[in-house]
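# Inside the fold
Here is what each chain is made of, one letter per residue.
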Amino acid sequence: GLPACRAFRAASAAATRAAVGELVASGIDEDEARASVRWLADAALKSSAGPEEAEARLREMVARRVKREPVQYIIGSWPFYPLQQEVLLRDR
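Residues numbered from 1 in each chain as written. Predicted model: local features only at pLDDT ≥ 70, side-chain atom pairs only at ≥ 80, totals over all residues. Heavy atoms only, no water.

## A look at the overall build of the protein
Scanning the protein for helices and strands turns up 5 helices and 2 strands. Sorting the 92 residues of the protein into buried and exposed places 27% on the buried side. Here the analysis covers contacts within the protein between residues at least 6 apart in sequence; of these, 44% occur between residues at least 24 apart. When the accessible surface of the protein is summed, it comes to about 6300 Å², and 54% of that surface belongs to carbon and sulfur atoms. (Helix = DSSP H or I, 4+ residues; strand = E, 2+ residues; numbered from the N terminus. Buried < 20%, exposed > 50% of the residue type's maximum accessible area, 1.4 Å probe, protein only. Contact = heavy atoms within 4.5 Å. Areas by Shrake-Rupley, 256 points an atom, 1.4 Å probe, with all protein chains shown as cover.)

So, in structure tokens, the structure goes:
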């Protein structure tokens with residue numbers, strides 16, 4: 001819920017700053033890096049049992065983003081106005 005989200009964000013401020021720094025160091029624009037980390041941190045929290053697991057999940061997601069994998073593929077969905085759309089991945 002919302003209190004858990006706030007607690008995660010407060011407790012992981014250093015982790016999110018580090019994640020932004022890692023993305024910027026990989027050549028991603030700072031504004032894009034910040035936006036990516038916001039989306040990734042939210043998805044990590046929603047898919048984890050607690051703050052420690054969420055931080056580990058965020059690190060995994062950031063590692064994928066460093067390789068230029070689109071955020072939509074990493075989190076598996078993307079909002080489109082009021083609709084939540086699933087991203088379908090196909091093997092090539």
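## Quick word on the packing of helix α3 (residues 30-46) against helix α4 (residues 51-66)
Interaxial distance between α3 and α4 falls to 9 Å at its minimum, and their mutual angle equals 140°. Put simply, α3 runs oblique to α4. Of the two possible hands of crossing, α3 and α4 adopt the one that is right-handed. Residue-level inspection shows E32, S36, L40, A41, A43, A44 and L45 of α3 in contact with α4, the latter providing A54, R57, L58, M61, V62 and R65. When its residues are assigned to classes, the contact of α3 with α4 shows 9 nonpolar, 1 polar and 3 charged. (Axes fitted to C-alpha atoms, helices over the stretch in contact; angles between N-to-C directions. Parallel < 35°, antiparallel > 145°, perpendicular 65-115°, else oblique. Left-handed = near helix turned anticlockwise from the far one by under 90°. Nonpolar A, V, L, I, M, F, W, Y, C, P; charged D, E, K, R; others polar.)

## A few points about the nonpolar core
With 15 residues, the main nonpolar core has L23, A33, V37, L40, L58, M61 and V62 as its most contacted residues. Of all the secondary structure elements, the ones that give two or more residues to this core are α2 (13-25), α3, α4 and α5 (71-75). In terms of residue count, α3 provides more of this core than any other element does, 6 residues in total. Not counting residues within four places of it along the chain, the set of residues in contact with L58 comprises T16, L40, A41 and A44. (Core = buried A, V, L, I, M, F, W, Y, C linked by side-chain atoms within 4.5 Å.)

## Details of the pattern of salt bridges
By the definition in use, this model includes 5 salt bridges. Its salt-bridge partner being R34, residue E30 comes within 2.5 Å of it at the nearest N-O pair. Linking E30 with R34, this pair stays in helix α3, spanning 4 residues, or about one helical turn. Here E30 falls in the partly exposed class, since its relative accessible area comes to 39%. Take R34: its relative accessible area is 40%, and that puts it in the partly exposed class. Here R65 ties to E32 by a salt bridge, and the two come within 2.4 Å at their closest N and O atoms. Taken together, the positions of R65 in helix α4 and E32 in helix α3 put the pair 33 residues apart, joining distant regions of the chain. When its relative accessible area of 38% is taken as the criterion, E32 is described as partly exposed. (Salt bridge = Lys/Arg side-chain N within 4 Å of Asp/Glu carboxyl O.)

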